[in-house]
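Residue strings, one per chain:
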Amino acid sequence: MWLISLLLYLHNYLSFSCEVYVNVDPAADVEVVQAHIASLLSSTFSSHFLTMRADPHSISVVPVELLPALTATTVSSGVSTPAPTQSLPARPANMSTTGDPLDLNETVVGPDTFFRVDLSLGMYGSQTKSEEIIEKWVKEQLDNGTMIVLNLIIEKIVGRNMGQHNGLMMFHGQQKQYYCAFHVQEFNKNTVADIFTHINAALKPGFRNGTIIIETLNMSIKHIVPANCLEETTSTIYGVYIWPEAFPTANQDIGCKKPKLERAFRLCKLDIETDTSSWVKPDMKNCKPLVTISDLDNITVSTGNGAEVVDMIQDLVDVQLGNSAELSPSELNTVVEKLCEVIDISIIKPAVGANIVNIIADILLSKTYITPVASIILNLTERMANNMDFQEGSICITAPSMAVSMINVDQNEFSGLTFGVSFTSSNVNPEVFVNNSFVSELLPGTDTTISLPSELHNLFPPGERTTRVQFQFFGTDELFQDPRTTNATPIGWKMHSFVVSASINNSHISNLKDGVVVTFSHQTPKQPKDKVLCMFWDFQENGGRGGWNSRGCETQSVSAYRTSCLCDHLTHFAVLLDVSRTPISEADRQILTVISNLGCGISSIFLGITLLTYLSFEKLRRDYPSKILINLSAALLGLSMLFLLDSWLSSFSNYSLCIATAATMHYFLLASFTWMGLEAVHMYLALVKVFNIYVPSYILKFCAVGWGVPLVIVSLVLAIDKDAYGSSLPDESAVMLQSSDQFCWLQNDVFFYVTVVAFVLLILLCNTVVFIVVLIQIRKMRANKHSTNRLNSLHDLRAVAGLTVLLGLTWSIGFFSFGAGKVVFMYLFSIFNTLQGFFVFLFHCLMKENVRTQWRIHLCCGRLRLNNGSDWSRSMTAGGRCNNNRLVNSDSVASENTSTIRKV
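To keep things clear, this report deals only with the structure shown in the data block. (Residues numbered from 1 in each chain as written. Predicted model: local features only at pLDDT ≥ 70, side-chain atom pairs only at ≥ 80, totals over all residues. Heavy atoms only, no water.)

1. Examining the pattern of salt bridges
What counts, and what does not: Only one rule defines a salt bridge in this text: a Lys or Arg side-chain nitrogen within 4 Å of an Asp or Glu carboxyl oxygen. Each helix is a run of DSSP H or I of at least 4 residues and each strand a run of E of at least 2, with the numbering of both proceeding from the N terminus. With a 1.4 Å probe rolled over the protein chains alone, any residue whose accessible area is under 20% of its type maximum counts as buried; one over 50% counts as exposed, and the rest are partly exposed.
Tallied over the full model, the rule gives 13 salt bridges. A salt bridge links Glu232 to Arg266, with the shortest nitrogen-to-oxygen separation between them at 2.7 Å. Of this pair, Glu232 sits in strand S11 (residues 232-236) while Arg266 sits in strand S14 (residues 263-270), and the two are 34 residues apart along the sequence. The exposure class of Glu232 is partly exposed, given its relative accessible area of 31%. Close ionic contact of Asp410 with Arg465 constitutes a salt bridge, the shortest N to O distance being 3.1 Å. With Asp410 in strand S17 (residues 402-410) and Arg465 in the loop between strand S20 (448-452) and strand S21 (466-474), this residue pair connects regions lying 55 residues apart in the sequence. A relative accessible area of 16% places Asp410 in the buried class.

2. Details of the packing of aromatic side chains
Spelled out, the test is: Geometry of aromatic contacts follows a simple scheme: Phe, Tyr and Trp rings, the Trp one being its six-membered ring, pair when their centres are within 6.5 Å, and the pair is stacked under 30 degrees between planes, edge-to-face over 60, tilted otherwise. The rule for a charge over a ring is simple: NZ of Lys or CZ of Arg within 6 Å of the ring centre, and within 35 degrees of the ring normal.
On inspection of all chains with the given rule, the structure shows 26 aromatic pairs. A centroid spacing of 5.8 Å and a plane angle of 55° characterise the contact between Phe838 and Phe839, whose relative ring orientation is tilted. One aromatic cluster is present, formed by Phe606, Phe832, Phe838, Phe839, Phe841 and Trp855 through successive ring pairs. Note that Lys257 overlies the ring of Tyr241, its terminal NZ or CZ placed 5.3 Å from the centroid.

3. Things to note about a nonpolar patch on the surface
Our working rule: Here a patch means residues that are over 30% exposed by relative accessible area and free of salt bridges, tied together within 9 Å if like-charged and within 5 Å if nonpolar (Val, Leu, Ile, Met, Phe, Trp, Tyr). Note on areas: Shrake-Rupley with a 1.4 Å probe; residue coverage comes only from the protein chains shown.
Together, Leu761, Leu765, Phe815, Phe816, Val824, Phe825, Leu828, Ile831 and Phe832 line one region of the surface with nonpolar side chains, adding up to about 740 Å² of accessible area. Breaking the nonpolar patch down by element, the ones donating at least two residues are helix H15 (749-785) and helix H17 (822-834). With 5 residues, the top contributor of residues to the nonpolar patch is H17. By the element assignment, Phe832 lies in helix H17. The class for Phe832 is partly exposed, based on a relative accessible area of 34%.

4. So, the pairing of S17
Heads up, the rule is: The criterion for strand pairing is that DSSP finds at least two bridges linking the strands in question.
Across the 9 residues of S17, 8 count as buried, placing the element largely inside the fold. Summarising the sheet, strand S16 (residues 394-399) and S17 pair through 6 bridges and their orientation is antiparallel. Bridge pairing in S17 links Ser394 to Ile407. From the end of S16 to the start of S17, which pair antiparallel, there are 2 residues, and Ser401 there has a positive phi angle of about 75°.

5. What to know about the pairing of strand S18 (residues 417-422)
Counting buried positions over the 6 residues of S18 gives 6, a clear majority of the element. Residues Leu417, Phe419 and Val421 of S18 are buried on one face, and the alternating residues Thr418, Gly420 and Ser422, pointing to the opposite face, are buried as well. Pairing analysis gives 5 bridges linking S18 to S20, with the strands arranged antiparallel. Bridged to Val421 within S20 is Thr448. Examined bridge by bridge, S18 and strand S19 (residues 431-435) share 5 bridges and lie antiparallel to one another. By the bridge assignment for S19, Ser422 is matched with Glu431.

6. Overview of the environment of Ser220
The condition is simple: The criterion used for residue contact is that any of the two residues' heavy atoms lie within 4.5 Å.
Tracing the backbone shows Ser220 in strand S10 (residues 212-224). In sequence terms Ser220 and Ser120 are 100 residues apart; their C-alpha atoms lie 9.1 Å from each other. Those residues within four positions of Ser220 in sequence are excluded, and the remaining contacts are Arg116, Val117 and Asp118.

7. Details of the state of the cysteines
Put simply, the test is: Two cysteine sulfur atoms form a disulfide, by the criterion used here, when they sit within 2.5 Å.
Going through the model one piece at a time under the given rule, you end up with 5 disulfides. Disulfide pairing places Cys256 opposite Cys287 at an S-S distance of 1.9 Å. Disulfide Cys256-Cys287: torsion about the S-S bond near -65°, hence left-handed. Of this pair, Cys256 sits in the loop between strand S13 (251-255) and S14 while Cys287 sits in the loop between strand S15 (277-279) and helix H5 (306-324), placing them 31 residues apart in sequence. Under the relative-accessibility criterion, Cys256 is labelled buried at 2%.

These figures capture arrangement, not role.
Next up, the structure:
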């Protein structure tokens with residue numbers, strides 16, 4: 001019937017050929033069987049739409065070797081499933097697929113031959129990717145079309161100084177040693193001895209390429225005969241599947257229940273640890289589930305089906321999170337309730353417990369809103385650890401961002417216990433360390449450590465020889481969201497560490513005399529004025545929903561990178577950071593960062609245009625204000641460019657580069673304010689002391705002050721303490737420079753307050769005084785002219801705006817960024833100061849008639865172009881000349897930056 005079904009499926013084809021294997025009784029006569037098969041296939045098959053007949057001359061019936069027993073069809077739940085197939089690695093067409101090697105001299109006739117190779121290697125050369133080089137070498141030597149390398153693992157052992165080895169003069173230096181283990185799968189008809197010889201010849205000589213040398217120190221080759229993966233039935237959310245027996249490394253596939261045209265896959269994996277084959281979890285991604293999370297309510301949990309229920313929950317959660325990245329509240333409640341049933345009713349084995357921890361970890365790392373059931377989940381994991389049935393003295397289960405460790409301790413031998421965790425990323429499993437003693441500080445290589453004192457021995461449940469101690473670690477704070485503020489958890493606190501807990505089975509431990517020592521590494525370095533506090537998760541807070549509480553916990557020692565806590569009870573602990581003094585929220589900080597970067601980018605462009613304009617047209621830079629403007633623009637351009645590049649330069653994590661970047665940015669900041677101050681000095685001399693003023697080498701002296709004073713200040717800071725510059729940013733500087741922590745800047749508070757805050761404040765105070773004096777002078781000039789028309793008022797307004805930009809008065813907004821209106825002032829500060837370069841271009845380039853005239857003379861064409869000899873151009877570029885050197889106010893104050901001073 002299966003042959004007829006195949007023909008019906010291929011009804012569009014006029015002719016075809018096929019190959020069929022027929023399993024017959026081994027005792028039957030071969031010639032009789034051949035004749036019977038040929039007779040059956042020669043008959044004609046007809047139906048109302050199809051007629052088929054085999055060509056008698058094309059029928060060939062030959063006996064072949066026996067094949068391993070493979071199921072041709074599978075039937076489950078009354079539904080026929082397409083025949084499973086085995087996908088094996090590519091091999092030569094004439095390869096035999098039967099038999100197993102028994103000794104070194106026997107010819108291999110099985111489907112595949114497997115070997116295990118163990119290597120000890122020595123490697124010379126200063127390569128940072130040694131493992132990749134070794135892997136590439138091994139595969140290039142053995143992957144030759146007749147064999148492949150499987151399950152390669154490479155572990156670094158130790159390095160030692162080598163001079164000469166095996167008669168070869170090696171590079172005098174550090175030798176790195178590695179241990180490698182892998183399987184070799186051979187496809188060809190070779191004896192085991194030949195394959196041994198080939199592997200030995202390929203790997204024994206090692207590898208040499210320039211300065212890189214790989215030396216084979218020791219090698220072991222073992223012929224292994226892994227058994228097939230036996231037939232297995234799996235009941236999943238995708239239906240019931242019967243997986244037929246499969247060869248090692250074969251990838252079995254079966255048609256999905258839904259949709260019919262897709263297929264599911266399952267690998268018969270060869271394990272590198274045991275050299276045996278076993279099924280891996282089926283790959284059902286092409287199939288659609290036949291049940292949903294809501295169907296879990298119809299499943300009854302018993303003592304014997306807990307593992308199957310947990311597997312089903314895990315598959316359903318994976319599918320749902322893959323589709324929508326979160327569980328709905330009803331789906332979350334169903335999952336949590338069913339897991340609670342499993343823990344209360346079923347026997348929890350380590351494998352089941354591992355699946356439960358993985359389910360919780362997946363939910364925690366998703367977008368699911370988990371706060372309403374947080375206390376239930378914490379209680380669930382604790383009961384699971386208490387009820388788990390395992391034979392070993394201890395067991396540890398890890399999942400991304402989670403770890404649960406259970407230890408059965410002998411009450412008579414308990415002298416303390418320490419649990420440590422190393423955690424690098426939310427996408428990887430934590431690494432757990434356990435020490436059977438009391439350790440009062442972080443274990444080497446750990447991020448969190450909790451140490452139980454020997455005093456706990458007196459509080460163990462009486463009448464029991466062993467007591468279970470469990471530890472839990474959470475690398476995410478999703479389960480610890482405090483819904484309200486209490487006196488114990490002041491407003492504006494946030495978690496500054498991971499969460500770790502300890503508990504004793506069926507015991508409530510409190511009022512310890514010696515105390516539990518919990519040491520945390522901070523998630524980010526603590527700044528000098530940051531306040532941290534040790535707290536525990538109080539399940540009784542907020543009506544039973546839980547909240548942070550500091551009662552019974554003492555913050556013992558604090559450094560920038562870690563905090564040690566001493567608590568008199570057992571529960572979940574963490575370190576919280578006081579963020580109530582943080583100027584802005586994280587959302588506002590991100591917006592301000594975008595504004596700052598965008599503003600500095602715009603300013604850099606227009607400052608470049610301003611400099612290019614004044615440097616290109618000699619007639620524009622004849623007077624003092626223009627020369628001062630050129631220097632101020634250059635300083636502001638340097639500051640803007642360094643601000644934009646700072647984060648990128650700091651990402652290299654180069655100590656010297658960060659110091660140079662911070663010092664250069666400090667220099668341009670000081671230079672910018674110095675030139676703003678010199679602009680104020682010039683305005684005072686031009687407007688208040690306008691007559692009978694002679695200053696020899698006027699601009700030269702200004703340049704010496706404008707560029708020299710900042711250089712002296714930065715040089716003194718570097719000479720006193722070059723480490724004053726670094727990548728740690730004080731809070732106060734965040735007001736002046738909207739930046740993240742990865743920012744090269746002054747990190748010493750004394751230098752920051754003296755060389756930045758005090759310097760800037762002094763310049764701004766002087767500029768404010770000059771600004772007021774200039775405004776009074778403008779008012780007097782307008783009063784003398786008796787002119788109050790609207791045009792003159794606009795000129796005065798423009799003059800005030802231009803003065804504000806030149807004198808940098810908008811920087812004073814930063815000193816008002818506190819209190820209720822701090823966020824508003826922060827936004828104003830970022831907008832006005834990062835766009836200062838654009839405003840310089842607007843008021844002192846675009847809106848100046850003589851600048852526009854030069855643009856029209858040299859840059860425009862057609863009707864917009866001005867003749868260089870026209871009356872208009874001469875009138876706008878001609879400078880007044882006198883017979884002696886002095887400062888002269890030659891143009892309108894309002895229209896030309898309140899003063900256009902020319903030196904003649």
